[in-house]
Amino acid sequence: MRAIFGVFLVAVLAALTVFGGYLYVTDRFVAAGPLATERVVVVAPGSGVDGIAATLAREGVINDPLIFKIGVRLAETARQLKAGEYRFTPGMSAEQVMGLLVSGQVVVHRFTVAEGLTTRVVRDIVLAQEDLVGEISLEPGEGDLLPETYNYLRGDSRDAVVKRMGAAMGEAIDSLWEHRAPGLPVTTKAQAVVLASIVEKETAVPAERARVAGVFINRLRIGMPLQSDPTVIYGLSAGTGTLGRALTRKDLETPHAWNTYVIPGLPPSPICNPGRESLAAVLNPADGGDLYFVADGSGGHVFAASLKAHNRNVARWRKIQREQAKRD
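Residues numbered from 1 in each chain as written. Predicted model: local features only at pLDDT ≥ 70, side-chain atom pairs only at ≥ 80, totals over all residues. Heavy atoms only, no water.

Each helix and strand counted, the chain has 12 helices and 6 strands in total. Oriented by its inertia axes, the alpha-carbon framework of the chain measures out at about 120 × 45 × 35 Å. Taking all 328 residues of the chain together, the buried fraction comes to 38%. When contacts within the chain are restricted to residue pairs at least 6 apart in sequence, long-range pairs at least 24 apart make up 62% of them. (Helix = DSSP H or I, 4+ residues; strand = E, 2+ residues; numbered from the N terminus. Buried < 20%, exposed > 50% of the residue type's maximum accessible area, 1.4 Å probe, protein only. Contact = heavy atoms within 4.5 Å.)

Relative to the elements of secondary structure, Arg276 occurs in helix 11 (residues 276-283). Put simply, Arg276 and Ala196 are 80 residues apart on the chain and 8.9 Å apart in space, counted from C-alpha to C-alpha. Discounting chain neighbours no more than four positions away, the residues touching Arg276 are Leu146, Glu148, Ala172 and Leu176.

Below, the discussion takes up the layout of surface pockets. Approximately 730 Å³ is the volume found for the largest pocket. Looking at the largest pocket, it is lined by 23 residues, and the ones nearest its centre are Asp229, Tyr261, Phe293, Val294 and His310. For the lining of the largest pocket, the secondary structure elements donating two or more residues are helix 8 (209-222), helix 9 (229-236), strand 5 (292-295) and helix 12 (307-327). It is helix 12 that contributes the most residues to the lining of the largest pocket, 7 residues altogether. Looking at side-chain class alone, the lining of the largest pocket contains 14 nonpolar, 5 polar and 4 charged residues. Quantified by volume, the second largest pocket comes out at close to 260 Å³. (1 Å grid on protein atoms, 1.4 Å probe; cavity = no way out; pocket = protein on both sides within 12 Å on 5 of 7 lines; lining within 4 Å. Points joined across faces, edges and corners; volume = space filled by probe spheres on them. Nonpolar A, V, L, I, M, F, W, Y, C, P; charged D, E, K, R; others polar.)

A few words now on the packing of aromatic side chains. Within the structure shown, the criterion is met by 6 aromatic pairs. Measuring from ring centre to ring centre gives 5.8 Å for Phe216 and Phe293, while their planes differ by 80°; the resulting arrangement is edge-to-face. Placement of Phe216 in helix 8 and of Phe293 in strand 5 is noted, with a sequence separation of 77 residues between them. Among the aromatic residues, ring-to-ring pairing joins Phe111, Tyr150 and Tyr152 into one connected group. (Phe/Tyr/Trp six-rings, centres within 6.5 Å; stacked < 30°, edge-to-face > 60°.)

So, about the environment of Gly289. Tracing the sequence through the fold places Gly289 in the loop between helix 11 and strand 5. Since its relative accessible area comes to 45%, Gly289 is described here as partly exposed. As a C-alpha pair, Gly289 and Leu66 span 223 residues in sequence and 77 Å in three-dimensional space. Each residue touching Gly289, except ones within four places of it in the same chain, is listed here: Asn218 and Ala305.

The full count for this structure, using the stated rule, is 1 cavity of 30 Å³ or more. Taken as a whole, the largest cavity spans an internal volume of roughly 40 Å³. If you go around the largest cavity, the residues you meet are Arg211, Gly214, Val215, Asn218, Ala286, Asp287, Gly288, Gly289 and Asp290. Split by residue class, the lining of the largest cavity holds 2 nonpolar, 4 polar and 3 charged.

Looking now at the nonpolar core. Among the nonpolar cores identified, the biggest contains 41 residues, and Phe111, Met165 and Phe216 are the most heavily contacted of them. Setting aside its immediate chain neighbours within four residues, Phe111 contacts Ile125, Val126, Gln129, Glu148, Thr149, Tyr150, Tyr152, Val161 and Met165. (Core = buried A, V, L, I, M, F, W, Y, C linked by side-chain atoms within 4.5 Å.)

This paragraph deals with the confidence of the model for the chain. Low-pLDDT stretches of the model should not have their predicted coordinates read in fine detail. Summarising the model, the chain shows a mean pLDDT of 91, and 93% of its residues fall at 70 or more. Scored below 50 in pLDDT, residues 5-19 shows 0 contacts in the model against residues more than four places distant or in partner chains. (pLDDT = per-residue confidence, 0-100.)

This part covers the packing of helix 2 (residues 48-58) against helix 3 (residues 65-74). It is at 9 Å that the axes of helix 2 and helix 3 come closest, and there the two elements cross at 140°. Taken as axis vectors, helix 2 and helix 3 run oblique relative to one another. Both helix 2 and helix 3 take part in a crossing whose hand is right-handed. On helix 3, the residues touching Val49, Asp50, Ile52, Ala53, Leu56 and Ala57 of helix 2 are Pro65, Phe68, Lys69, Val72 and Arg73. (Axes fitted to C-alpha atoms, helices over the stretch in contact; angles between N-to-C directions. Parallel < 35°, antiparallel > 145°, perpendicular 65-115°, else oblique. Left-handed = near helix turned anticlockwise from the far one by under 90°.)

So, on to helix 3. An α-helical turn contains 3.6 residues, so any two residues separated by three or four positions project in the same direction. All buried positions along helix 3 are accounted for by Ile67, Phe68, Gly71 and Val72. Here the buried residues of helix 3 occupy an arc of 130° about the axis, which is enough to place them on one side. Its side-chain oxygen 2.8 Å from the backbone nitrogen of Leu66, Asp64 forms the N-cap of helix 3. (Arc of directions from axis to C-beta. Polar contact = N/O pair within 3.5 Å; in protein donor to acceptor, adjacent residues only side chain to side chain.)

In contact at an axis separation of 10 Å, helix 3 and helix 4 (residues 94-103) are set at 60° when each is read in the N-to-C sense. When the axis of helix 3 is compared with that of helix 4, the two are oblique. The hand of the helix 3/helix 4 crossing is right-handed. Contact with helix 3, carried on its side by Phe68, Gly71 and Val72, involves Ala94, Val97, Met98 and Leu101 of helix 4 and no other residues of that element.

Across the two faces of strand 3 (residues 108-112) the burial differs, with His109 and Phe111 buried and Val108, Arg110 and Thr112 not buried at all. Where strand 3 meets strand 4 (residues 149-153), 5 bridges bridge the pair, whose relative direction is antiparallel. Of the residues in strand 4, the one forming a bridge with Val108 is Leu153. (Pairing = 2+ DSSP bridges.)

The following block contains the structure:
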């Protein structure tokens, strides 16, 4: 009888010990963690629970790697922990850390490509993203990449991002093309991108895009040269889009493929990567008889349907320029 009681007592004590250990682990598992400030940590692929626990402890995210490992195994989530780059917030418990790793809510990086940049500049922006990997083996042409904000994850390839930018441009032009105005002299999607790139470089005022597009559409309809300074700059700058000096009369008279003062119609390629709004403006330009525009001194432009009215506007702009020069 005493022997049976002794065995029973040992079993009870063992059970109490296990239960006490369980309570200890669970209490520690849900208790606030040691992080005092937000921290980003990379959990490497193939780390396993042991490796993950060691990384988190080394980075000060959790107090005790053993408590984390036991808690994860009790929760039966060891196979659900996902590698990646995570942002841990102050005081996260080991349980909350486990939940974040199970969710796979990794840090999302982003960069923005502004409208009107050349493909050469866009490539440099992508190359500058330190969390991307690999070189750019793709060779997108001018106007092939849609300007907007792009999200990516640490470890994504640069080629994959560039491919996504190209697909975005294709989707944008396809969608807008379906709703284009009838009777446009721009008869292909490629031509639309070329003209949109010119509109993009001609005005930084969103409300003007459709009207600027209307001027060029009207000129194309009557066979009038586009006479766009940005196209001349593009041709003279070896495709960089930046000349570093003011255009001269000789520049405007020098023949090259992008000099729209000399060549009829559209240049052979876009001169930058136009945004969605400039594409939309070209495919649905403003109605009216405008054939000219010139800067108005306030960042926008003044438009005219006749050369006589345009010359008056140009004279007014020259006067503004002279007054600005005197103040400077």
